[in-house]
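# Survey of secondary and tertiary structure
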Amino acid sequence: MSVRDLWVEKRLAAAGTNGSRNLSQMHFARLGVITEEMQYVARREKLDPELVRGEVARGRAIIPANIHHCNLEPMGIGIAFKCKINANIGNSATTSNIDEELKKLHHAVHYGSDTVMDLSTGGDIPRIRKAIIDASPVPVGTVPIYEAITRVRRTEDLTPELMLEVIEEQAEQGVDYMTIHAGVLREFVPFVRNRITGIVSRGGALLAQWMETHKKQNFLYERFDDICKIFKKHDVSFSLGDGLRPGCIADASDEAQFAELKARCPGDDRGPRPHPHGQDQGASGQRNRNVS
């Protein structure tokens, strides 16, 4: 039994048996509770625990620590904390070797990575991810649309229900944070047509293709509340993916980039806002800059 088992049990008891119970760090922070994870982060960062609680409550910081990933050492990401480093690992569609991924994980943690992302795109993705989570002392992140796309023949065959199913499965497995490209809206897609490098985010490109085919809005945007409901049950953090980020200097600071940033802004009526039941990494100013 790891030390976090007792911490999680305490939160589970406080949350009760309600099926919609909220176990997120943000929820407890807004109740004025300093969780053991917050205390741990405060010691690591040499900060007052109340400051850590306040930053999480305001949406300016997150503690990515899924209740099912009890062997990790809690860490915080936010503007009041030290700068953090992420490392991407994961197999390709042509190679699938758990031992190799665990070796990558070991090297990443050994050389100081604060978090890792499993960006596997083929093979037995759930089995690989489970091995990584079981062995990782740092938070593990994913881009769930990568796994979802492997379950259909064509991009246009993706459905909101399948996406939510994959997200729920990953949350139950212990993924600590997930990249959700909720700010790539259908009306923004035409803005990239004059770009030199187009859409360089894989997640953004997949969603753009889906929206253009179906003539419908981004299902990650429309089902954002449903994603929050899943995240709050397992204490999963958001990494709001920048699907319309520029791929070259010539495309930087263009209409597409700023349109997505406005949609992702917590104070913008068009975009997803921080929820008291979901930790919003975008709100803390920490954005996923990975190739996703």
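Right, let's walk through the structure included here. Bear in mind that the values here come from a model prediction, so they are computed numbers and not experimental data. (Residues numbered from 1 in each chain as written. Predicted model: local features only at pLDDT ≥ 70, side-chain atom pairs only at ≥ 80, totals over all residues. Heavy atoms only, no water.)

### So, empty space enclosed by the protein
Scanning the model with the defined rule gives two cavities of 30 Å³ or more in all. Broken down by secondary-structure element, the contributors of at least two residues to the lining of the largest cavity are α6 (125–135) and α7 (144–149). Its residues placed into classes, the lining of the largest cavity shows four nonpolar, three polar and three charged. (1 Å grid on protein atoms, 1.4 Å probe; cavity = no way out; pocket = protein on both sides within 12 Å on 5 of 7 lines; lining within 4 Å. Points joined across faces, edges and corners; volume = space filled by probe spheres on them. Helix = DSSP H or I, 4+ residues; strand = E, 2+ residues; numbered from the N terminus. Nonpolar A, V, L, I, M, F, W, Y, C, P; charged D, E, K, R; others polar.)

### Here's the deal with the packing of aromatic side chains
Under the counting rule described, the total for this entry stands at five aromatic pairs. On the numbers, 6.1 Å between centres and 20° between planes, the contact of F188 with F191 is stacked. Judged by relative accessible area, F191 falls into the partly exposed class, the value being 28%. An aromatic cluster is defined as three or more aromatic residues linked by ring pairs; in this entry it consists of F224, F231 and F238. The ring of Y146 has R202 sitting right over it, with the charged end atom 4.8 Å from the ring centre. (Phe/Tyr/Trp six-rings, centres within 6.5 Å; stacked < 30°, edge-to-face > 60°. Buried < 20%, exposed > 50% of the residue type's maximum accessible area, 1.4 Å probe, protein only. Lys NZ or Arg CZ within 6 Å of the ring centre and 35° of its normal.)

### Comments concerning the pairing of strand β6 (residues 177–180)
Burial of β6 is two-sided: the residues Y177 and T179 facing one way and the residues M178 and I180 facing the other way are all buried. Pairing analysis gives two bridges linking strand β5 (residues 140–142) to β6, with the strands arranged parallel. Each residue of the ladder has a partner; that of G141, found in β6, is Y177. Where β6 and strand β7 (residues 237–240) come together, four bridges link them in parallel fashion. Opposite Y177, over in β7, you have S237 as the bridge partner. (Pairing = 2+ DSSP bridges.)

### Details of the packing of helix α8 (residues 160–173) against helix α11 (residues 224–234)
Between α8 and α11, the least distance of the axes is 10 Å, while the angle of their chain directions is 10°. Classed by the angle they form, the pair α8 and α11 counts as roughly parallel. Mapping the contact onto sequence places L164, I167, E168, A171 and E172 in α8 and D226, I227, I230, F231, K233 and H234 in α11. Looking at the contact of α8 with α11 residue by residue, the class counts come to six nonpolar, one polar and four charged. (Axes fitted to C-alpha atoms, helices over the stretch in contact; angles between N-to-C directions. Parallel < 35°, antiparallel > 145°, perpendicular 65-115°, else oblique. Contact = heavy atoms within 4.5 Å.)

### Focus on the environment of F219
Along the chain, the position of F219 falls in helix α10 (residues 219–222). The class of F219 is buried, set by a relative accessible area of 3%. Sequence spacing of F219 and M163 is 56 residues, and the spatial spacing of their C-alpha atoms is 8.7 Å. Leaving out residues up to four positions away in the same chain, F219 has contacts with L158, P160, M163, L207 and W210.

### Side note on the nonpolar core
One finds L158, I180 and F231 to be the most contacted residues of the largest nonpolar core, which totals 56 residues. The dominant element in this core, judged by the number of residues it contributes, is α8, at six residues. V41, I63, A65 and L72 belong to the second-largest nonpolar core, a separate cluster that totals 13 residues. (Core = buried A, V, L, I, M, F, W, Y, C linked by side-chain atoms within 4.5 Å.)

### Let's talk about unusual backbone geometry
Its identity as a non-glycine residue notwithstanding, K215 has a phi of 60°, on the positive side. Look at S253: it is not a glycine, yet its phi comes out positive at around 60°. Mapped onto the elements, S253 comes out in the loop between β7 and α12 (255–264).

### Here we look at the pattern of salt bridges
One pass over the structure, following the stated rule, counts 24 salt bridges. Here R195 and D254 are joined by a salt bridge, their closest N and O atoms 2.7 Å apart. Placement of the pair is R195 in the loop between β6 and α9 (202–214) and D254 in the loop between β7 and α12, with a sequence separation of 59 residues. Summarising the burial analysis for this pair, R195 and D254 share the class buried. Overlapping salt bridges bring together R129, E147, R151, E165 and E169 as one network. (Salt bridge = Lys/Arg side-chain N within 4 Å of Asp/Glu carboxyl O.)

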